[in-house]
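Structural overview
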Amino acid sequence: MQDDAVEVAFCELCGTSVPVTDLAVGTAVRHQGKVVGACCLTTLRGASPAPDPIAAPAMVRPASGEGRSLATAVVLLAAIAAATLFVDFRLASIATESTNLRNAVGLGREQAAADSQVLASLAATMDAVPRRKDLDDVVARIDALSGAGTAATVDVQKQVDQLKADLLALATAHRVDAEASRLLLEDVRQRQVRVLEAIHARAAVVGESPTTRPGPDPMPNPPSTGETAKPPEDVAPPALPPALAEQVKKLQSADPATRFEGVDELLKTKDLLALPFLLPMARDADAFVRRLTVEGLAAWKRADVVDSLLGALADGDEYVRETAWRSLKEVTGQKIAFEAAGSKDARARGVQRWQDWWEKNKATFGS
């Protein structure tokens, strides 16, 4: 016969084993799954006498006062359990905070070590900074250099003064040369006036208007630098239109810019009446005026224009020579070589080639 298994329970308050028979007779109670043994139930009941074992079968249910006591005990147990859980949670939090604090302390130590290295490096750098004595030495050297610079400035100023004196002497010499050139040009102008007067007189005899044909070129050779080739002062014959007469007057101005403007306006008209006044401007003292003139003369395919352009091939300005050569090719249709930037001998050979061609073709040119 197999023995029945004996169920063993434990008191929820003190952990003492509680026999099943105690539960059966009422010396131990079970409430809501919690077991309270006789060891603690007597205390909870106020040390009331234990029930009579004979009368135990009649005690099927505990009294209502005992139920309230048991409920109170259960509440106390729950409070104790909650307090225990809270204490465990706080202990865990304290442990975490302690760990974080230790980590922060470690980081602080590492930062302190890094700061110590920075301070050591700064100290080494400060040791390398120049002292006051070193700075005083540098200031002294700068003062010495400044003195040397002042001396050099004085020397440069002396040289500048000398250059100014040299330039003044050159300017004086230039004025003397200009005056001599002016006297020469005045003589040339008087000759031009006399030639034009003779032309007008001859035209009056034969009944022709002197404005219908160009006058002769009284200056076959180009002027040297500084000379000013001007048309005669009586450059406004009665048949000359007022607009042309106004521009012709500009050609007599001492200002190169005014002469340049007059040549430009006359060239724009392309009027044959303006040509006798433009031809002398190919030998103007100003290179810009001469270049503009020889460039504009290409508009007239006439023998007197070719003569003027051939003379401009010997101009002292390279750009004037180049422009005259291009105008010659346009007027004559020839492609005879000429080196405007070449040597003097090379240019002379080029001029001679053009002159040889012109002597053979001048009589029939334009026919």
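In this text the structure is predicted, and so the values were computed from the model without any measurement.

Here the focus is the overall build of the chain. When you go through the chain residue by residue, the secondary structure sums to 11 helices and four strands. Per-residue burial over the chain gives 26% buried out of 367 residues. For the chain, the share of sequence-separated contacts (at least 6 apart) that also reach a separation of at least 24 residues comes to 53%. Surface exposure of the chain reaches about 23900 Å², of which carbon and sulfur atoms provide 60%.

Inspection of every chain in the model, using the stated rule, returns eight salt bridges. As a salt-bridge pair, Arg259 and Asp284 come within 2.8 Å of each other at their nearest N and O atoms. Of this pair, Arg259 sits in helix H6 (residues 256-269) while Asp284 sits in the loop between helix H7 (275-278) and helix H8 (287-296), placing them 25 residues apart in sequence. Each member of the pair, Arg259 together with Asp284, is buried. With a closest N to O distance of 2.9 Å, Glu322 and Arg326 form a salt bridge.

Between helix H9 (residues 303-312) and helix H11 (residues 344-361), the shortest axis-to-axis distance is 11 Å and the interhelical angle comes to 160 degrees. In terms of orientation, H9 lies roughly antiparallel with respect to H11. The handedness of the crossing between H9 and H11 is left-handed. Touching Ala303, Val306, Asp307 and Leu310 of H9 are Trp354, Gln355 and Trp358, all from H11. Within the contact of H9 with H11, the residues separate by chemical class into five nonpolar, one polar and one charged.

The end-to-end C-alpha separation of H6 is 20 Å, in line with the 20 Å expected for 14 residues at 1.5 Å each. When we look at burial in H6, the residues that qualify are Arg259, Gly262, Val263, Leu266 and Leu267. For H6, the angular spread of the buried residues around the axis is 130 degrees, confining them to a single face.

Attention now goes to the confidence of the model for the chain. With 70% of its residues at a pLDDT of 70 or more, the chain shows a mean pLDDT of 76. Note on residues 231-238: pLDDT under 50 across the span, and 18 contacts to partners over four residues away in sequence or across chains.

Bringing the state of the cysteines into the picture now. Enumeration over the complete set of coordinates arrives at zero disulfides. As a non-bridged cysteine, Cys11 has Cys14 as the owner of its nearest cysteine sulfur, 3.7 Å distant. The class for Cys11 is buried, based on a relative accessible area of 4%. The closest cysteine sulfur to the non-disulfide-bonded Cys39 is located on Cys14, 3.1 Å from its own sulfur. Given a relative accessible area of 40%, Cys39 falls into the partly exposed group.

Rules and cut-offs
Residues numbered from 1 in each chain as written. Predicted model: local features only at pLDDT ≥ 70, side-chain atom pairs only at ≥ 80, totals over all residues. Heavy atoms only, no water. Helix = DSSP H or I, 4+ residues; strand = E, 2+ residues; numbered from the N terminus. Buried < 20%, exposed > 50% of the residue type's maximum accessible area, 1.4 Å probe, protein only. Contact = heavy atoms within 4.5 Å. Areas by Shrake-Rupley, 256 points an atom, 1.4 Å probe, with all protein chains shown as cover. Salt bridge = Lys/Arg side-chain N within 4 Å of Asp/Glu carboxyl O. Axes fitted to C-alpha atoms, helices over the stretch in contact; angles between N-to-C directions. Parallel < 35°, antiparallel > 145°, perpendicular 65-115°, else oblique. Left-handed = near helix turned anticlockwise from the far one by under 90°. Nonpolar A, V, L, I, M, F, W, Y, C, P; charged D, E, K, R; others polar. Expected span 1.5 Å × (residues − 1). Arc of directions from axis to C-beta. pLDDT = per-residue confidence, 0-100. Disulfide = S-S within 2.5 Å.

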